[in-house]
Amino acid sequence: MTQAEKFDTPFKGRSLLTWLDYKPEEILQILDYAFLVKKQAHDGEVHQRFLGKTIALIFEKRSTRTRSSFETAFGEEGGHPVFMSTLDIQRGGKETGKDTARVPGRMFSAIEFRGFKQEHVKQLAEFSGVPVINGLTDDFHPTQALADVMTLKENFGTLKGLKWAFCGDGRNNVARSLMVISAKLGIDFAIYSPKELFPPEDIQKLCEPFAKESGAKIEISDDISVVKNADCLYTDVWVSMGEESLKEERTRLLSPYQVNKELMAATGKANTIFMHCLPAVTGQEVTEEVFESPQSKVWDEAENRKHTIKAIMLALI
């Protein structure tokens, strides 16, 4: 079987808006692809599996890892990525979102969208007629979650039975995405957060049946005991893009939830690792001591964004 044939998958033509739409075995299959393409990259193999294909990269929000991952992964495979910021396209100005979806749908093999509203990426998927990948919205960040799961498995060799704890703003897109993928894959997931920033009940209810089926335990608490036995502590910035005016309030609420050596010790495990989706503001959500420690896996995690995104594109395109 050739490498190209390995990616002639049942996912072809589908979109990825959130992992809620994927079965556990489908997520694990794409994860296997990610491990394969990472090995190929580290072995120096060159493939041209996107030769003759194009992808539109629509960005409303700035990005380092997401943009770098999509552009390099697609280009290395022989495809042509086209970056489009809000200054480059008519969407929201002279053109409706529906019409903006139809045009690249006629010209590109796939579309990536990184922006604010989940309804916008849904609209692209509904009207473009090509696979659409959610590179981040205010609600979900599925490509980040898969890279995080990959990093977890690299460090522990398994997923089921592990526990990780998200410390900070429990409502944000990363926390929600980690809850979804954990519930699907049987990973215990805790959110250590002030009550004011607990995730909304709708996402909790959506995850309940998946967690019941997989055996995952989901905990949400403002008590430090929730991080006990965590194999990984995870955090994100206190102030998300678009919420800059709330910086003072967020800092007041979240300062007690900083990831520091005391919080790492509260897991009761010497081998607990630290993860962060980046960019990080060291000294706020995480101390420099933890961020630069041997327990920190943030750079492996960042690299894995590329391999998991390449795997997603190979599966869908």
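Since the model is a prediction, treat every value here as computed from it, not as a measurement.

Quick notes on the sheet that holds strand E1 (residues 54-59)
Ordered in space as E2-E1-E3-E4, the four strands form an open sheet in which the pairing is parallel. Strands with a single pairing partner mark the edges of an open sheet, and in this sheet they are strand E2 (80-85) and strand E4 (132-136). Between one strand and the next, the sheet's axes are offset by a mean angle of 20°, whatever the strand orientation. Helix H3 (residues 65-76) rests against E1, E2, strand E3 (110-114) and E4 of the sheet, and its axis sits at about 170° to E1.

Some points on the nonpolar core
Core analysis: the largest hydrophobic core is formed by 58 residues, its most contacted members being Trp19, Ile30, Trp164 and Met313. Tallying contributions element by element places helix H7 (residues 173-185) first for this core, with eight residues. Sequence-distant contacts of Trp19, defined by excluding residues within four places in its chain, comprise Ile27, Ile30, Pro142, Ala145, Leu146, Val180, Ile181, Lys184 and Ile312. Judged by nonpolar contacts, the second largest core, of 19 residues, contains Val226, Tyr257, Val259 and Leu263.

Some points on the pairing of strand E5 (residues 163-167)
In terms of burial, E5 is a largely internal element, five of the five residues being buried. The two faces of E5 match: Lys163, Ala165 and Cys167 on one face and Trp164 and Phe166 on the other face are all buried. Inspection of the sheet shows E5 paired to strand E6 (residues 188-192) by five bridges, in the parallel sense. Bridge pairing in E6 places Ala165 opposite Ala190. Taken together, E5, H7 and E6 constitute a β-α-β crossover, and its handedness is right-handed.

Regarding the confidence of the model for the protein chain
Interpretation of the predicted coordinates at a detailed level should be avoided for regions scoring low in pLDDT. Taken residue by residue, the protein chain gives an average pLDDT of 94. The fraction at 70 or more is 95%. The model gives residues 1-5 a pLDDT under 50, and that stretch makes six contacts with residues more than four places away or in other chains.

A look at helix H2 (residues 24-42)
Taking 1.5 Å per residue as the helical rise, H2 with its 19 residues ought to reach 27 Å, and the 27 Å between its terminal C-alpha atoms agrees with that figure. Those residues of H2 lying buried are Glu26, Ile27, Ile30, Leu31, Tyr33, Ala34, Val37, Lys38 and Gln40. Looking one or two places after H2, you find Gly44, whose phi comes out positive at around 80°.

What about the environment of Val149?
Mapped onto the elements, Val149 comes out in helix H6 (residues 142-156). Since its relative accessible area comes to 0%, Val149 is described here as buried. The sequence separation of Val149 and Leu20 amounts to 129 residues, and the corresponding C-alpha distance is 15 Å.

Structural notes on the packing of helix H4 (residues 97-107) against helix H5 (residues 118-128)
Where H4 meets H5, the axes come as close as 8 Å, and the angle between the chain directions of the two elements is 50°. Classified by the interaxial angle, the pair formed by H4 and H5 is oblique. The handedness of the crossing between H4 and H5 is right-handed. Across the interface between the two elements, Gly97, Lys98, Ala101, Arg102 and Gly105 of H4 pack against Gln123, Leu124, Phe127 and Ser128 of H5. Residues of the contact of H4 with H5, tallied by class, amount to three nonpolar, four polar and two charged.

Examining the packing of aromatic side chains
Given two aromatic rings, their pairing is described by the distance between the two centres and the angle made by the two planes. Scanning the model with the defined rule gives eight aromatic pairs in all. Seen in terms of ring centroids, Trp19 and Tyr22 are 5.3 Å apart; in terms of plane orientation they differ by 75°. Their pairing is edge-to-face. Across this residue pair, the class does not change: Trp19 and Tyr22 are buried. Geometrically, the ring pair formed by Trp164 and Tyr234 is edge-to-face, given 6.3 Å between the ring centres and 90° between the ring planes. Placement of Trp164 in strand E5 and of Tyr234 in strand E8 (residues 232-235) is noted, with a sequence separation of 70 residues between them. Here the two residues Trp164 and Tyr234 agree in accessibility, since each one is buried. Ring pairs connect the aromatic residues Phe11, Trp19 and Tyr22, which therefore count as one cluster. Over the ring of Phe140 we find Arg176, and its NZ or CZ is 4.9 Å from the ring centre.

Re H7
Its 13 residues place the ends of H7 18 Å apart at the C-alpha level, agreeing with the 18 Å of an ideal helix rising 1.5 Å per residue. In terms of residue burial, H7 counts as a mostly covered element, since 13 of its 13 residues are buried. Where H7 begins, one side-chain oxygen reaches toward the backbone nitrogen of Val174, 3.1 Å away; that side chain belongs to Asn172. Positive phi shows up at Gly186, right after H7, with a value of about 80°.

About the cut-offs
Residues numbered from 1 in each chain as written. Predicted model: local features only at pLDDT ≥ 70, side-chain atom pairs only at ≥ 80, totals over all residues. Heavy atoms only, no water. Pairing = 2+ DSSP bridges. Helix = DSSP H or I, 4+ residues; strand = E, 2+ residues; numbered from the N terminus. Axes fitted to C-alpha atoms, helices over the stretch in contact; angles between N-to-C directions. Contact = heavy atoms within 4.5 Å. Core = buried A, V, L, I, M, F, W, Y, C linked by side-chain atoms within 4.5 Å. Buried < 20%, exposed > 50% of the residue type's maximum accessible area, 1.4 Å probe, protein only. Right-handed = clockwise from strand over helix to strand, strands pointing away. pLDDT = per-residue confidence, 0-100. Expected span 1.5 Å × (residues − 1). Parallel < 35°, antiparallel > 145°, perpendicular 65-115°, else oblique. Left-handed = near helix turned anticlockwise from the far one by under 90°. Nonpolar A, V, L, I, M, F, W, Y, C, P; charged D, E, K, R; others polar. Phe/Tyr/Trp six-rings, centres within 6.5 Å; stacked < 30°, edge-to-face > 60°. Lys NZ or Arg CZ within 6 Å of the ring centre and 35° of its normal. Polar contact = N/O pair within 3.5 Å; in protein donor to acceptor, adjacent residues only side chain to side chain.

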